[in-house]
Structure formats: structure tokens, C-alpha cells
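What follows is each chain in one-letter form.
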2 protein chains.
Amino acid sequence: MDLKATEANINGVIESFFNLAPPLRNNADISAKLENFIKRNEMNSGNGGARRIVCVTSGGTTVPLEQRCVRYIDNFSSGHRGATSTEYFVKAGYAVIFLYRRGTFQPFCRSLPDDPLLECFELTDGSNIKVQESYSEAVKRAIAEHHSAVNKGFLLKLPFTTIFEYLQMLRMIAMSTSKLGPKAMFYLAAAVSDFYVPWQSMAEHKIQSASGPLNMQLAQVPKMLPVLRQEWAPTAFLISFKLETDSKILLKKAAGALEKYRMNMVVANELLTRKEEVVVVTSSENIRVSRDKNVGVDDVEDPLIQLLVERHSIHINTNSSSSDL
Amino acid sequence: MDLKATEANINGVIESFFNLAPPLRNNADISAKLENFIKRNEMNSGNGGARRIVCVTSGGTTVPLEQRCVRYIDNFSSGHRGATSTEYFVKAGYAVIFLYRRGTFQPFCRSLPDDPLLECFELTDGSNIKVQESYSEAVKRAIAEHHSAVNKGFLLKLPFTTIFEYLQMLRMIAMSTSKLGPKAMFYLAAAVSDFYVPWQSMAEHKIQSASGPLNMQLAQVPKMLPVLRQEWAPTAFLISFKLETDSKILLKKAAGALEKYRMNMVVANELLTRKEEVVVVTSSENIRVSRDKNVGVDDVEDPLIQLLVERHSIHINTNSSSSDL
């Protein structure tokens, strides 16, 4: 009875969060893109069944402090993990819904400079555009692989900025992919705000600076992972991330999240070493995954995605009724 | 006496702000670039004297909430105003130091989509890179004009992220251009944080979210405009910006800033109409400047920069000793 009461309470808090959030502006457009993408991949797989779909979330969400937004709190995330992982998921034959923060790293473009147009190109004497020799291969690869993934229907990119947009889009994706059951994966690498200012209690106009120090009280963003697990995508393969700067508490917090939110795996990473190694925490073991330093340009995401794909296969076999196979 | 005491107090606050700020990592590199740029433009002008230099600041500053930064407060600014103005300043014969927030709009690239590499280019069958027809002119113009401005020494781009970086770089620029006297202009379009968490009182590790709502007390960032005017660039032509979402208080606040900080002009703009019109507030008049709607793609920055250049000429004539002319 107590558990049910708690669940009802959680659902109430989340329902009220969504009801009070500013509505998504391009709701119909996103919905149509999603439906189209999923439909295409239902028929896309070589072996008859629907292709596996993973939703990769990437980059940080923002929390507006004013309704006509001038100031906001942001969560740092370059989006490198999400963009890199997307490449390896596509390579492994997944269809990827890349839910990313505007302006963060894009798949297939990691090895390019910040501003590729101005840094990689030059004009020839005949005023044609030319790629500079040193960037030639990287630019070709970026354009070719990106366009190929999008055109073949293996990559759908959906951008967000605020926590309100992110959570509404995540819900839409979870609900649209729920018919895939265990074949859907969620790889939740985005850095999601923990605190926010409820829209109703937000200052309408810009906060004035003349009146001394600023005291702010921020409310906790309701935890979405339990709802994702229980309501939106009950049989999907769910992977969340835990980032800490303090290694002492990292694994404990990851194991806590695994149990509390009933994730299938939690990827634990520390801010300073996150490109070198991560620890995948499951209910039975902690698996350390490291970048292969013997290979020139290997990414930690290469062995990480291999591991997840294997475990996802087991999850699909365990959770599918025999008629699905 | 009272005024002097206040000034001493302001200087003390600012000195302590700089002493406690995390030091600029690439200090020597920025310093060398600045010196080189200014030297080049001392000999660059057609008419014998030094070329006029304007420092355009653009985009918003961030305020870290944790020392190993995961969360921060950001000030919204696309950098559109600064990037556009830079183009018109270059056209008017100025050398521009573009002090911009990483990831914001860049001069000569405004008419391109968010991600030009992936949206404007395609591979041909022979796997060469080709600009899509519809973007061809915009891409050529961006690359040609940008490279021309940089190569001729008319444009120096310096990126920042945090308020600490921004203010330290602004001070360096002001001090290096001070030998230009009234020929230096500061066009302060960046959205600078009003509140911050002093580095010393900042959480070292990530703030934990488990413990209920978050109360934050933010200190005011010391006002730099008085120091810029009094200490760093006493005879430069100084233009600050006032952005409000509430039109009722806008002009009053702009006039207040003009007087209090002894700016030469304050550009007042309202969030919703800022691309259509601005009001330039001076000690004697309020000048409304609007985009020419009869011209296809005119920018409000076109007449705005024309006005500023004229007023800057008067400022130079008024403030130069006869030997400088």
C-alpha cells in the first residue's frame, strides 16, 4: 500500500510538472518525424523483424530563471559522449534517435575544429571553395557518413535547449517506441538539470541587479527515470549515466541509481577521466571499460557500445515472447 | 572627499575580484596576439595615422556554480548584434577586436544555418565535396569576407566563456589599446552576468541533488564600466548596451547608466524588437535608429554603426591634442 501511495504521488508530481511546463512549440512536427522514422525502421532490418532503436540523449539541459529568458542555469556537457556513442550505435546496425542540446558535438564531426566552415575551407583564386588539405579526409568523412546515416533512415536528430523541452521530447520518444518493447534502448547520456524554477513562480521580466545580492530558491526537478521505467517504456533496455567529480562517491551513487530506478545498467564516469574509462554497473557486477591505448584513435565508446549491444541482445531474448522472435 | 572614498572602495572591490578569479590560462598567447594586432594597425591606415580600433564584445558570460564546473548560470545572447556590428565596423575601415562567447554568431556567417558543414555541403558521386546550390553564395561570401578581414589584419577574434575570462580579457584589451587614446572604441554588446559565486566560496565538487530544494546566494559582480572609464581607457569612446524586457523602464535605465558610468553613448534595446530598432541615448538626445524596411536585407546595425562612426570622429577631434591629428 505504501509503495502504491508513493507511486501515485510521484505520478502526481510529474503530471503537474508537465501541465505547468511551457508547451513544445513544434510538437506536431516532432511527432510526425518520430512516427515516420520508427515506421521506416520497422521494415528496415535485414532479417525480417524491426530494427533495434536506441534513443541517445546528449548535452546539458537549461533551466530558465526568467519567463522571457535572459538568464538561465545550464548543466555543462560538451555532448562528446553522446555524439561518439551515436556513431558506434549506427555502426552496430541500430537506428538512433539523437536527442541533443543545440550547439553540442554532432556525430561524425568530432575530429573537426569548433568552427569548421571558417577553419577548414578556403577560396581558390578562381573563387571556388576548397577544403584545406589537412582537413580534407575529416571533412569528407563527416559529410559522407552523416548524410548516409540520415538518408538511410538510421539517424534522426532532434534538438532541445530547456529541461521542459527535453523531458517532453523524451516522453514522446518513449511512448512512440514502446511498441518495440525490449528492442528499444535508452542511452541517457544527457546532463539533466536537478533543480529548476517552476514556470509559474518565475519572474516575468529580467531580474534587476541593483538591489544587492540575489537569493534564489530552486525546486528539485521530479525524477523521470522511475516514470520512464514504470509507465513510458516498461520493457525497454534502460541505461543511465552517473557523473561525479568526486571518485569516492561515484560507484556507490551509480549502484544506488541502478536499484532505485530499476535501470538495466548505469554507466559511472568521473569528470576528469571520462574519455579514458567508465565503469558499467549492473545488478551482478561492475565492469571496467577502458579505451584501447594501443590503437591510435580508439574511443572508450567503442568497447562500451560493444558491451551494451551484447547485453541488449540478452535482454531482448529474455523479454520477448516466442512469437516476437 | 566622499567621491574619492567611493572610488577607492570600488577599486578595492575590483582588485579583490581579479585577485581571487582563476587566472587566464592562455594569458601570454592572448597578449602576444593583441600586441601584434595593434602594432599592425598602427601602420595600417591609409592616411598616415593609426587605424581606429573598436573592441566589440559579444555573447553572454557564464558564472560557474562549482569549481570543477558542471553547473553554471548563463546569460542569454546569441551574439547576433556583435557579429553583425563587426561586419559594419570592418566595412567602415575599423580594425575590430571581436571578444566573443564561444559558440555564438560569427561575423560574415549570419545567413548560414546552425550547422553549415552538415547542412550546406554534399558529396558528389566522385566523392568530392560540393556546396549545395542554394547556399553557394552565402558560403562563398562567409569564407571570402572572413578570411579577407583576418588576413588583412582587420579582425582579431578572441573567445571567452566565463565572467572571469571576459573581464580579464577586457582589461587586457583596454590597457593595450590605451595608447590609441580617443581613437579606440569599446562597443560593449556582450551580456555580462550581474551575479556570481565568488571562487573561494564555491563548492569544490558537484552540488548533490538528494537533499531537497537548493538555496543559492549570489554576490553582485562589481561594475567594471566605472573602472574602464576612469582607469583603463579614460579617453576612449565608450558605448554600453542596456537590454530590458520591460519597455517601461528601458530608457530611464539607459540614461542612468550613461550618467553614472560616464559612457559616451548607451544603446537601449528591448528583447522582442531588438533586431528592428534601438534607441541611442546620449547626454543631449535620444536617437531612434530603425532598420530600413524598404531594403531587402538591411540590418539595424547598418545605420547604427554609421551613426557611431560619425560621433566617434567628433570625439576624436574634440579629444586629440593638435599634434595627434
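Just so it is clear, the structure is predicted and the values come from calculations on it, not from any experiment. (Residues numbered from 1 in each chain as written. Chains lettered and ligands numbered in written order. Predicted model: local features only at pLDDT ≥ 70, side-chain atom pairs only at ≥ 80, totals over all residues. Heavy atoms only, no water.)

## Description of the packing of aromatic side chains
Working step 1: All told, the structure shown has 21 aromatic pairs over all chains when counted by the stated rule.
Working step 2: Ring geometry for A:Phe17 and A:Phe164: centres 5.7 Å apart, planes at 25 degrees, overall stacked. Pair noted here: A:Phe17 is in helix α1 (residues 2-20) and A:Phe164 is in helix α6 (residues 163-177), with a separation of 147 residues, a long-range link. For the pair formed by A:Phe17 and A:Phe164, the shared burial category is buried.
Working step 3: Here the aromatic rings of B:Phe89 and B:Tyr187 are separated by 5.3 Å at their centres, their planes lie at 80 degrees, and the arrangement is edge-to-face. Of this pair, B:Phe89 sits in helix α3 (residues 80-91) while B:Tyr187 is found in strand β8 (residues 184-188), placing the two residues 98 residues apart along the sequence.
Working step 4: Among the aromatic residues, those joined into a cluster by ring pairs are A:Phe17, A:Phe18, A:Phe164, A:Tyr196 and A:Trp232.
Working step 5: For the cation-ring pair, A:Arg171 lies above A:Phe18, with the distance from its terminal atom to the ring centre recorded as 3.8 Å. (Phe/Tyr/Trp six-rings, centres within 6.5 Å; stacked < 30°, edge-to-face > 60°. Helix = DSSP H or I, 4+ residues; strand = E, 2+ residues; numbered from the N terminus. Buried < 20%, exposed > 50% of the residue type's maximum accessible area, 1.4 Å probe, protein only. Lys NZ or Arg CZ within 6 Å of the ring centre and 35° of its normal.)

## Description of the pairing of strand β11 (residues 237-244) of chain B
Consecutive side chains of a regular strand alternate in pointing toward one face of the sheet and then the other.
Residue and element names in this part refer to chain B.
Working step 1: For β11, a buried count of six out of eight residues is recorded, marking the element as mostly surrounded by other parts of the structure.
Working step 2: Strand direction decides the pairing type here: β8 and β11, joined by four bridges, are parallel. Looking across to β11, one finds that Phe-186 is bridged to Leu-238.
Working step 3: As judged from the six bridges shared by β11 and strand β12 (residues 265-270), these two strands associate in the parallel manner. Note that in β12 the partner of Ser-240 across the bridge is Val-266.
Working step 4: For the crossover from β11 across helix α8 (residues 247-260) to β12, the handedness is right-handed. (Pairing = 2+ DSSP bridges. Right-handed = clockwise from strand over helix to strand, strands pointing away.)

## Some details on the sheet that holds β11(B)
Residue and element names in this part refer to chain B.
Working step 1: The sheet built from eight strands is open, its strands ordered β7-β4-β1-β8-β11-β12-β13-β14 with mixed pairing. Each edge of the open sheet carries a strand with a single partner, namely β7 (155-160) and β14 (286-290). Along the sheet, successive strands turn relative to each other by an average axial angle of 20 degrees, direction set aside. (Axes fitted to C-alpha atoms, helices over the stretch in contact; angles between N-to-C directions.)

## Overview of the nonpolar core
Working step 1: Ranked by size, the top nonpolar core spans 120 residues in total, and within it A:Phe186 and B:Phe186 carry the most contacts.
Working step 2: Excluding residues that lie within four positions of it along the chain, B:Phe186 makes contacts with B:Cys55, B:Leu170, B:Ile173, B:Ala174, B:Thr177, B:Ala233, B:Ala236, B:Phe237, B:Leu238 and B:Ile239. (Core = buried A, V, L, I, M, F, W, Y, C linked by side-chain atoms within 4.5 Å. Contact = heavy atoms within 4.5 Å.)

## Observations concerning the pairing of strand β3 (residues 71-75) of chain B
Working step 1: In terms of residue burial, β3(B) counts as a mostly covered element, since five of its five residues are buried.
Working step 2: Of the two faces of β3(B), the one holding B:Arg71, B:Ile73 and B:Asn75 and the one holding B:Tyr72 and B:Asp74 are both buried throughout.
Working step 3: Judged from the five bridges that link them, strand β3 (residues 71-75) of chain A and β3(B) form a sheet pairing that is antiparallel. Counterpart to A:Tyr72 in the pairing with β3(B) is B:Asp74.
Working step 4: Looking at chain direction, strand β2 (residues 62-64) of chain B and β3(B) are connected through three bridges and run antiparallel. Following the sheet pairing, B:Val63 is matched in β3(B) by B:Ile73.

## Quick look at the confidence of the model for chain A
Working step 1: On average, residues of chain A carry a pLDDT of 89, and 91% of them reach 70 or more.
Working step 2: Note on the complex model: pTM 0.88, ipTM 0.82. (pLDDT = per-residue confidence, 0-100.)

## Let's talk about the sheet that holds β3(B)
Working step 1: Judged by pairing direction, the sheet is antiparallel, and its four strands sit side by side in the order β2(A)-β3(A)-β3(B)-β2(B) without closing on themselves. This sheet does not close on itself; its edge strands, each paired only once, are β2 (62-64) of chain A together with β2 of chain B. Between one strand axis and the next, the sheet turns through 25 degrees on average, direction left out of account.

## Quick look at the side chain of B:Asn41
Working step 1: Tracing the backbone through its elements, the reader meets B:Asn41 in helix α2 (residues 27-42).
Working step 2: What B:Asn41 contacts, discounting residues up to four positions off in sequence, is B:Ala50, B:Arg51, B:Ile53, B:Ala95, B:Gly153 and B:Phe154.

## Structural notes on the interface of chain B and chain A
Working step 1: If you look at the interface, chain B gives 57 residues, while chain A gives 57 residues.
Working step 2: Taken together, both faces of the contact between chain B and chain A bury some 5300 Å²; the carbon and sulfur share is 60%.
Working step 3: Where chain B touches chain A, the interface holds two salt bridges.
Working step 4: Taking the shortest distance from any N to any O, the salt bridge between B:Asp194 and A:Arg71 comes out at 2.3 Å.
Working step 5: Across the chain B-chain A interface, the total number found is eight residue pairs in polar contact (both at pLDDT 80 or more).
Working step 6: The set of elements that each furnish at least two residues to the side of chain B that touches chain A consists of β3, α4 (116-120), β5 (121-123), β6 (129-131), α5 (136-151), β10 (214-220), β11 and α8 of chain B.
Working step 7: If one sorts the elements of the side of chain B that touches chain A by residue count, α5(B) sits on top with seven residues.
Working step 8: A breakdown of the residues in the side of chain B that touches chain A according to their chemical character gives 30 nonpolar, 14 polar and 13 charged. (Buried area = accessible area lost by both parts, 1.4 Å probe. Salt bridge = Lys/Arg side-chain N within 4 Å of Asp/Glu carboxyl O. Polar contact = N/O pair within 3.5 Å; in protein donor to acceptor, adjacent residues only side chain to side chain. Nonpolar A, V, L, I, M, F, W, Y, C, P; charged D, E, K, R; others polar.)

## A word on the packing of α3(B) against helix α9 (residues 301-319) of chain B
Axes are the key here: two packed helices are described by the angle between their axes and the distance separating the axes.
All names here are of chain B.
Working step 1: For the pair α3 and α9, the least separation of the axes is 9 Å and the interaxial angle reads 60 degrees. In terms of orientation, α3 lies oblique with respect to α9. Along this stretch, α3 crosses α9, giving a crossing that reads as right-handed. Residues Arg-81, Thr-84, Ser-85, Tyr-88 and Phe-89 of α3 touch α9, and the partners they reach there are Glu-301, Asp-302, Ile-305, Leu-308 and Val-309. (Parallel < 35°, antiparallel > 145°, perpendicular 65-115°, else oblique. Left-handed = near helix turned anticlockwise from the far one by under 90°.)

## With respect to the pattern of salt bridges
Working step 1: Scanning the model with the defined rule gives 29 salt bridges over all chains in all.
Working step 2: Linking B:Lys130 and B:Glu122 is a salt bridge whose minimum nitrogen-to-oxygen distance equals 3.4 Å.
Working step 3: Linked by salt bridges that have partners in common, A:Glu87, A:Arg110, A:Arg141, A:Glu145 and A:Asp299 make up one network.

## A closer look at the side chain of A:Asp299
Working step 1: Secondary-structure assignment places A:Asp299 in the loop between β14 (286-290) and α9 (301-319).
Working step 2: When near neighbours in sequence (up to four residues on either side) are disregarded, A:Asp299 contacts A:Thr84, A:Tyr88, A:Arg110 and A:Arg291.

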